[in-house]
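# Summary of structural features
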Amino acid sequence: MRSAAVVGTGLIGTSIALALRGRGVTTYLIDTDPEAARTAAELGAGIAGSPREPVDLAVIAVPPQYVAAALGEHQRRALAHDFTDAASVKEQVQQEAARTGCDLTRFVGGHPMGGREQSGPLAARADLFQGRPWVLTPAPQTRAQTVERARNLAELCGARPVVMTQAEHDQAVALVSHTPHLVSSLLAVRLLHGRQSQLGLAGQGLRDVTRLAGGSVELWTDILGTNAAAVADVLAEFSHDVALMVETLRTLGTAPKPEQGSASRDRLASVLLRGVQGRARIPVCSTDGVSPSRTYATVPGRV
């Protein structure tokens, strides 16, 4: 790939552009906010403005609800020979692109699985996708060259291309990304009801589990709303587990003697154990791929 264009110079778009520039790809930066494109250019992400002739690949790095419109506009302007996107929802975006008459033979859905709770070009990093999966969701009519160029894009950004169907992708991110963000936000909402003397005791654990809640409200309203059905399915199962734990803790709290709450303690311990087991299934990402999570033990000894 010799040339590319990035439409949307927020965190994801600018990070992609920085990675491409680092690999010697001539990269153009396009944004409805010219100041954002200029900021990205000042960071070394590329050239603010449109190219004079079509580039090899254009990346539509805008929120899900705007992808189809941006794709159609820039296909009509012949911005690139091939197109991909970086939105975190795929099925509804593809359907909207088809409905509005986009050329789907030259478009493949893409989703780099990397991000931060901060937003905007100033939060961008060239290594944001290093060692991370980058999902591609080709449709039956997508031509092979388009898929290959999107695969090349992922590799240039240091990511690991993974091919999935659009439905498989949306179900997967509902589990590993979208519902965790919503749960983090719901927990953070509880803090609005806490006294300042209570919040003063907060440690790193609370900061860890509420970190995602600091994300862009506008962006995450779009993401969660676009993938609503899949997120609702995961959240319903989570809600069932929460209701069971409330019942278990109520029983423990009213048991007159510890031995009378043994069944509830066993249920609580079982949930905590399954939590440990579930967390251990999260792969550890590295620059050379993904490996299973490692468990470490403390070995006594002299210093």
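For clarity, every value in this text was computed on a predicted model and none was experimentally measured. (Residues numbered from 1 in each chain as written. Predicted model: local features only at pLDDT ≥ 70, side-chain atom pairs only at ≥ 80, totals over all residues. Heavy atoms only, no water.)

### So, the overall build of the chain
Note the cut-off: Helical segments are the DSSP runs of H or I of at least four residues, strand segments are the runs of E of at least two, and each set is numbered from the N terminus. Contacts were defined at the residue level, with two residues in contact if any of their heavy atoms lie within 4.5 Å. Note on areas: Shrake-Rupley with a 1.4 Å probe; residue coverage comes only from the protein chains shown. Charge assignment in this entry is limited to Lys and Arg as positive and Asp and Glu as negative, and neither His nor the chain termini are counted. The atom standing in for a charge is NZ when the residue is Lys, CZ when it is Arg, CG when it is Asp and CD when it is Glu.
In terms of helices and strands, the chain carries 11 helices and 10 strands. Dimensions of the chain, computed from C-alpha atoms along their principal axes, come out at roughly 80 × 55 × 40 Å. Of the contacts formed within the chain by residues at least 6 apart in sequence, a portion of 69% connects residues at least 24 apart. Accessible surface computed for the chain: about 17200 Å², of which carbon and sulfur atoms make up 54%. If the 30 positive side-chain charges of the chain are averaged to one point and the 28 negative ones to another, these points end up 6 Å apart.

### Considering the pairing of strand 8 (residues 160–163)
We count it as follows: Pairing between strands is defined by DSSP: at least two bridges between them are needed. By the criterion used throughout, a crossover qualifies as right-handed when its path from the first strand across the helix to the second strand runs clockwise, the strands pointing away from the viewer.
Bridge count for strand 7 (residues 133–137) against strand 8 is 4 bridges, and the pairing is parallel. Of the residues in strand 8, the one forming a bridge with Val 135 is Val 162. Where the polypeptide runs from strand 7 across helix 5 (residues 144–156) and back to strand 8, its parallel neighbour, the crossover connection is right-handed.

### A short note on a nonpolar patch on the surface
Defined as follows: Residues qualify for a patch when their relative accessible area is over 30% and they have no salt bridge, like charges being joined within 9 Å and the nonpolar side chains of Val, Leu, Ile, Met, Phe, Trp and Tyr within 5 Å. Think of a salt bridge as a Lys or Arg side-chain nitrogen and an Asp or Glu carboxyl oxygen that are within 4 Å of each other. Only protein chains enter the accessibility calculation, which uses a 1.4 Å probe; a residue is then buried when its area is under 20% of its type maximum, exposed when over 50%, and partly exposed in between.
Residues Phe 238, Val 242 and Val 246 make up a contiguous nonpolar surface patch of roughly 230 Å² in combined accessible area. The exposure class of Phe 238 is partly exposed, given its relative accessible area of 38%.

### Observations regarding the packing of aromatic side chains
So the rule is basically this: A pair of Phe, Tyr and Trp rings is counted when the ring centres sit within 6.5 Å of each other, with Trp represented by its six-membered ring. The angle between the planes then sorts it: under 30 degrees is stacked, over 60 is edge-to-face, the rest tilted.
As enumerated under the stated definition, the model contains 1 aromatic pair in all. Relative to Trp 134, the ring of Phe 129 lies with its centre 5.4 Å away and its plane at 65 degrees, an arrangement referred to as edge-to-face. Accessibility assignment for this pair places Phe 129 and Trp 134 in one class, buried.

### Brief notes about the pairing of strand 7
Judged by how many residues are buried, strand 7 sits mostly within the fold: 5 of 5 residues are covered. Neither face of strand 7 is left uncovered, since the one carrying Pro 133, Val 135 and Thr 137 and the one carrying Trp 134 and Leu 136 both have all their residues buried. Taken together, the 4 bridges between strand 6 (residues 107–112) and strand 7 define a ladder with antiparallel strand orientation. Looking across to strand 7, one finds that His 111 is bridged to Val 135.

### Remarks on the sheet that holds strand 5 (residues 80–85)
Neighbouring strands of a sheet are bound in pairs by backbone hydrogen bonds; such pairs are parallel or else antiparallel. Going by this rule: Lines fitted to the C-alpha atoms define the axes, with helices restricted to the stretch that makes contact. Angles between their N-to-C directions range from 0 to 180 degrees.
The 8 strands lie next to each other as 3-2-1-4-5-6-7-8, forming an open sheet whose pairing is mixed. Edge positions in the open sheet fall to strand 3 (47–48) and strand 8, since each of these has one partner strand only. As judged from the 4 bridges shared by strand 1 (residues 3–7) and strand 4 (residues 55–60), these two strands associate in the parallel manner. By the bridge assignment for strand 4, Val 6 is matched with Val 59. Against the sheet, helix 1 (residues 11–22) makes contact with strand 1, strand 2 (26–30), strand 4, strand 6 and strand 7, and its axis sits at roughly 160 degrees relative to strand 2, the strand it touches most.

### Remarks on the packing of helix 4 (residues 91–99) against helix 6 (residues 166–190)
Inclusion rule: Orientation categories follow fixed angle ranges, with anything under 35 degrees roughly parallel, anything over 145 roughly antiparallel, 65 to 115 roughly perpendicular, and all other angles oblique.
Across the interface, helix 4 lies against helix 6 with an axial gap of 8 Å and an inter-helix angle of 140 degrees. As the angle between them shows, helix 4 and helix 6 are arranged oblique. For the pair helix 4 and helix 6, the contacting residues are Glu 91, Gln 92 and Gln 94 in the first and Gln 166, Ala 167 and Asp 170 in the second.

### Focus on the pattern of salt bridges
Pairs can form between side chains of opposite charge whenever their charged atoms are close. For the structure on display, the rule yields 9 salt bridges. A salt bridge links Lys 90 to Asp 85; its shortest N-O distance comes to 3.1 Å. For the pair shown, Lys 90 and Asp 85 are each scored as buried. The closest approach of N and O atoms between Arg 106 and Asp 103, which form a salt bridge, is 2.9 Å.

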